[in-house]
Amino acid sequence: MNGTKFVLLLLIVAAATYGAAWAIGNAYVFFAGYIVLQYIALATAWNILGGYTGYVNFGTAAFFALGAYSTVVLHKLTNLPLPLMMPIGGIVSGLVGLGTGYLTLRLRGAFFSIATLALAVVVQTLITNWDFVGGSRGAYIVRPMKAPLLGIDYIQYLFLVMLGLVVIVLATARAIERSRLGYGFATIRDDEVAAEASGVPTLRLKLLATTLSGAFMGMAGAPLPYYVTYLDPASGFSLAYAVNGVAMPLVGGTSSWLGPVIGAILLGTLQQVATVTISSALNLLIVGLMLVAFVIVAPNGILGLFGAGAKRARA
Amino acid sequence: MPDSPLLEVSALGKRFGGFVALEAIDLAVHTGERLGLIGPNGSGKSTLVNCMCGTLRHEMGSVRFAGHTLNGLSAHERTRLGLARSFQLPRPFNTLTLAENVRVPLLYAGRHDTARAIDTHCIELLDMVGLADKSKRLPRDLTQIEMRKLELARAMAATPRLLIADEAMAGLSPGEVDDILALLIRLNEQGVTVILIEHIMRAVMHFSQRLVVLVAGHKIADGDPAVVVRDPDVVRAYLGE
């Protein structure tokens, strides 16, 4: 299947998803569905760096929250529509991704991961002390009742916007996998010295991966203020984003674009169901248990259980 | 043979902290040559290769290749100029198939071909080393000698002018050594200049047109292999007084 056909298929699936949510006719479906979609975008963004190049990022929350706080700033200063705010949030997080990549180039393995963890702490501290965006008190965003132009309920609109982002992120991730770039990323994951000896400019590709991954995380976070209507550092930089960002691709499988999607749908839905039926405090416990279970039983994720299938999807 | 050498190393020095790994190494390799490089363990052979290929940065001296000064160029830029190497311990891309392993240098350092031409070229390269029927397998399915052959095929995928084979035969059986030797000689006949770093003297003597000996970071001999191996300094370095 070539790229164009894949994008068409994605659009059809996206339209069907929206249609199905609409047909159920319950506002809560959009409300919960938004979170699952957000996690698909976030997990796929994480996987571009973590899965393709093998650099494990624990700072997902920082990139995500920077996107969200960009929207807070833009909301206070401008009248831009949300679909324009998202690329701006993406640029902010992408630039931070580039900077992070540049500063941590010499770090590999656990050392890189610890540096990203430190980044999350630093960014959170800065935001907490920035009064303009509410500081530690947080910021209130009054969202309109109806979406502009479309006239649909605003939560439905957010769902639709996030669905659009998911299509873009997935199309990008899959295109990378099948390109020269994808091979370059894979060689960085496998052996950087051998990659250089094969002519792969590892430095440039790593920066590209940190930038792209960060940018998509920022775009996924940009609509958050309108969704929650009240954003404070504790919720924007929630541990849940960092943990889910890592857990979802690992549970689904990191070798292909499909892995993070499976992981995000599975864990995201499970968490939403648990929030409603049991308690919202149970979320991370579920993720933790799933992660432990998968690390033991299926270290290559759900895709790894169907090893041949995953390999064929790549080829 | 052109007057200026293809590879020219002059006064190259490398230190690791207080340890002098290489001291004022001069080496010239001409186009089409088959050069043997020997020396006891720890004499600096691999360090020299790493400095020439950009895996390590050297503090002193310079490396020129095909008219370019390589100082300051990263390893991938040197590969693109036509300086390829195989690694002493095979370093395959473990999550990629054999075909994909050789595809990487074709995509990043080869001539820019169409997708179909690249596909064909992958199989040709694997066929050259006798691995074509395993093109869809992963490196973990390979034996040691197959791993070495993959290493050479991948180095050749970068269409190098100079190939540095770093102990491509260590640990192989005599028959397998002959296999790899025949392969290297065939590549040389196709116009690739080859530097062979090896401990197996039978292979080195058979292969080399010229022999260079490194001992403790110094070049102590450079010349006709038959003469070099009888050099008293070389004999002393290998056998002691």
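Novice: Hey, could you run me through the overall build of chain A in this one?
Specialist: For chain A, the count of helices and strands is 16 helices and two strands. For 315 residues, the compact-globule estimate of 2.2 N^0.38 gives 20 Å, and chain A sits close to it at 19 Å. Projected onto the principal axes, the alpha-carbon positions of chain A cover approximately 55 × 45 × 40 Å. A total of 315 residues make up chain A; the buried ones form 48% of that total. The long-range share in chain A, meaning contacts at least 24 apart out of those at least 6 apart in sequence, stands at 78%.

Novice: Mind showing me how you'd approach the overall build of chain B here?
Specialist: Looking only at helices and strands, chain B has nine helices and 10 strands in total. Computed over the C-alpha atoms, the radius of gyration of chain B is 18 Å, within 12% of the 18 Å expected from 2.2 N^0.38 for a compact globule of 241 residues. Seen along its three principal axes, the alpha-carbon backbone of chain B occupies a region of about 55 × 40 × 40 Å. Pairs at least 24 residues apart make up 64% of the contacts formed inside chain B by residues separated by at least 6 positions.

Novice: What is the right way to read the sheet that holds strand 6 (residues 83–86) of chain B from this model?
Specialist: Hydrogen bonds between backbone groups are what pair the strands of a sheet, and the pairing can be parallel or antiparallel. Residue and element names in this part refer to chain B. Strand order in this open sheet of six strands is 6-7-8-3-9-10, and the pairing throughout is mixed. Both edges of this open sheet fall to strand 6 and strand 10 (218–223), since each of them pairs with a single strand only. The mean inter-strand angle of the sheet, taken between neighbouring strand axes irrespective of direction, is 15°. Taken together, the four bridges between strand 3 (residues 34–38) and strand 8 (residues 193–197) define a ladder with parallel strand orientation. Pairing of leucine 35 across the sheet is with isoleucine 195, part of strand 8. Lying on the sheet, helix 1 (residues 45–53) is in contact with strand 3, strand 6, strand 7 (162–166), strand 8 and strand 9 (210–215); it crosses strand 7 at an angle near 150°. Each of strand 6 and strand 7 is contacted by helix 5 (residues 144–157), which is oriented at about 170° to strand 6, the strand it contacts most.

Novice: What's the story with the packing of helix 3 (residues 98–108) of chain B against helix 5 of chain B in this structure? I'm lost.
Specialist: Axes are the key here: two packed helices are described by the angle between their axes and the distance separating the axes. All names here are of chain B. The geometry of helix 3 relative to helix 5 is characterised by a closest axis approach of 7 Å and an angle of 30° between their N-to-C directions. Taken together, helix 3 and helix 5 sit at an angle that is classed as roughly parallel. Relative to helix 5, helix 3 is oriented so that their crossing is right-handed. In this structure, helix 3 contributes Leu98, Asn101, Val102, Pro105 and Leu106 to the contact, and helix 5 contributes Leu150, Ala153, Arg154 and Ala157.

Novice: Can you walk me through the sheet that holds strand 2 (residues 19–29) of chain B in this structure?
Specialist: Residues and elements named next belong to chain B. Spatial ordering of the open sheet is given by 2-1-4-5, a layout of four strands whose pairing is antiparallel. With one partner strand each, in any of the chains shown, strand 2 and strand 5 (68–69) form the two edges of the open sheet. Sheet analysis places strand 1 (residues 7–16) next to strand 4 (residues 60–65), joined by five bridges and oriented antiparallel. The partner of valine 9 across the bridge, within strand 4, is valine 63.

Novice: What should I look at first to understand the interface of chain B and chain A in this one?
Specialist: Often the size quoted for an interface is simply the accessible area lost on bringing the parts together. At the interface, 23 residues of chain B touch 16 residues of chain A. Per element, the largest residue contribution to the side of chain B that touches chain A is six residues, and it comes from helix 3 of chain B. Of the residues in the side of chain B that touches chain A, the class split is 11 nonpolar, six polar and six charged.

Novice: Help me understand the nonpolar core, please; the structure alone is not making it clear to me.
Specialist: The nonpolar side chains of soluble globular proteins are, as a tendency, buried together. In this structure, Ala41(A), Leu42(A), Ala65(A), Met162(A), Ala153(B) and Leu163(B) are the most contacted members of the largest nonpolar core, which totals 164 residues. Here the element with the most residues in this core is helix 2 (residues 27–50) of chain A; it accounts for 14 residues. Dropping the residues within four chain positions of it, Ala65(A) is found in contact with Val123(A), Ile127(A), Gly221(A), Gly236(A) and Phe237(A).

Novice: Quick question: what am I supposed to make of the pairing of strand 3 of chain B here?
Specialist: If a strand is regular, its side chains alternate between the two faces of the sheet. All names here are of chain B. Among the five residues in strand 3, four count as buried, and that is most of the element. Relative to strand 9, strand 3 is paired through four bridges, and the arrangement is parallel. Within strand 9, the position partnered with glycine 36 by the bridge is leucine 211.

Novice: Would you mind going over the confidence of the model for chain A with me for this structure?
Specialist: Detailed reading of the predicted coordinates is not advisable wherever pLDDT is low. All names here are of chain A. Taken over all residues, the pLDDT of chain A has a mean of 90, while the share at 70 or more is 97%. Averaged pLDDT values for the elements of chain A fall to 47 in helix 16 (residues 307–314) and rise to 96 in helix 9 (residues 202–221). Segment residues 308–315 is flagged for pLDDT under 50; beyond a separation of four residues in sequence, or across chains, it makes 10 contacts in the model.

Novice: Would you explain unusual backbone geometry in this entry?
Specialist: If a residue is not glycine, its phi is most likely negative; likewise, a peptide bond is most likely trans. The backbone phi angle of Thr229(A) is positive, close to 60°, even though this residue is not glycine. Counting through the fold element by element, Thr229(A) comes out in the loop between helix 10 (224–228) and strand 2 (230–231).

Novice: How do you make sense of the pairing of strand 4 of chain B when you look at a structure like this?
Specialist: Residues and elements named next belong to chain B. With two bridges connecting them, strand 4 and strand 5 associate as antiparallel partners. From the neighbouring strand, phenylalanine 65 faces strand 5, where its bridge partner is histidine 68. From the end of strand 4 to the start of strand 5, which pair antiparallel, there are two residues, and alanine 66 there has a positive phi angle of about 50°.

Novice: Would you explain helix 3 (residues 60–77) of chain A in this entry?
Specialist: Across its 18 residues, helix 3 of chain A extends 26 Å between first and last C-alpha, which sits within 8% of the 26 Å expected from 1.5 Å per residue. In terms of burial, helix 3 of chain A is a largely internal element, 13 of the 18 residues being buried.

Novice: Help me understand the environment of Thr125(A), please; the structure alone is not making it clear to me.
Specialist: Residues and elements named next belong to chain A. One can find threonine 125 in helix 5 (residues 109–128). Classification of threonine 125 by C-beta neighbours within 10 Å gives exposed; the count is 12. The sequence separation of threonine 125 and proline 260 amounts to 135 residues, and the corresponding C-alpha distance is 29 Å.

Novice: Looking at this structure, how should I read the confidence of the model for chain B?
Specialist: All names here are of chain B. Here chain B shows a mean pLDDT of 90. Residues at 70 or above account for 98%. Across chain B, the secondary-structure element scoring lowest on mean pLDDT is helix 9 (residues 232–239), at 84, and the one scoring highest is strand 8, at 95. ipTM for the predicted complex: 0.90, alongside a pTM of 0.90.

Novice: It is not clear to me how the packing of helix 1 (residues 3–24) of chain A against helix 6 (residues 154–177) of chain A should be interpreted in this structure. Could you clarify?
Specialist: All names here are of chain A. Here helix 1 crosses helix 6 at 155°, and the two axes come no closer than 10 Å. Taken together, the axes of helix 1 and helix 6 lie roughly antiparallel to each other. Our pair here, helix 1 against helix 6, has a crossing hand that is right-handed. Residues Gly3, Phe6, Val7, Leu10, Leu11, Ala14, Thr17, Tyr18 and Ala21 of helix 1 form the contact with helix 6, whose own contacting residues are Phe159, Leu160, Leu163, Val167, Leu170, Ala171, Arg174 and Ala175.

Rules behind the numbers
Residues numbered from 1 in each chain as written. Chains lettered and ligands numbered in written order. Predicted model: local features only at pLDDT ≥ 70, side-chain atom pairs only at ≥ 80, totals over all residues. Helix = DSSP H or I, 4+ residues; strand = E, 2+ residues; numbered from the N terminus. Rg over C-alpha atoms; globule rule 2.2 N^0.38 Å. Buried ≥ 20, exposed ≤ 12 C-beta atoms within 10 Å, placed from the backbone. Contact = placed C-beta atoms within 7 Å. Pairing = 2+ DSSP bridges. Axes fitted to C-alpha atoms, helices over the stretch in contact; angles between N-to-C directions. Parallel < 35°, antiparallel > 145°, perpendicular 65-115°, else oblique. Left-handed = near helix turned anticlockwise from the far one by under 90°. Nonpolar A, V, L, I, M, F, W, Y, C, P; charged D, E, K, R; others polar. Core = buried A, V, L, I, M, F, W, Y, C linked by C-beta atoms within 7 Å. pLDDT = per-residue confidence, 0-100. Expected span 1.5 Å × (residues − 1).

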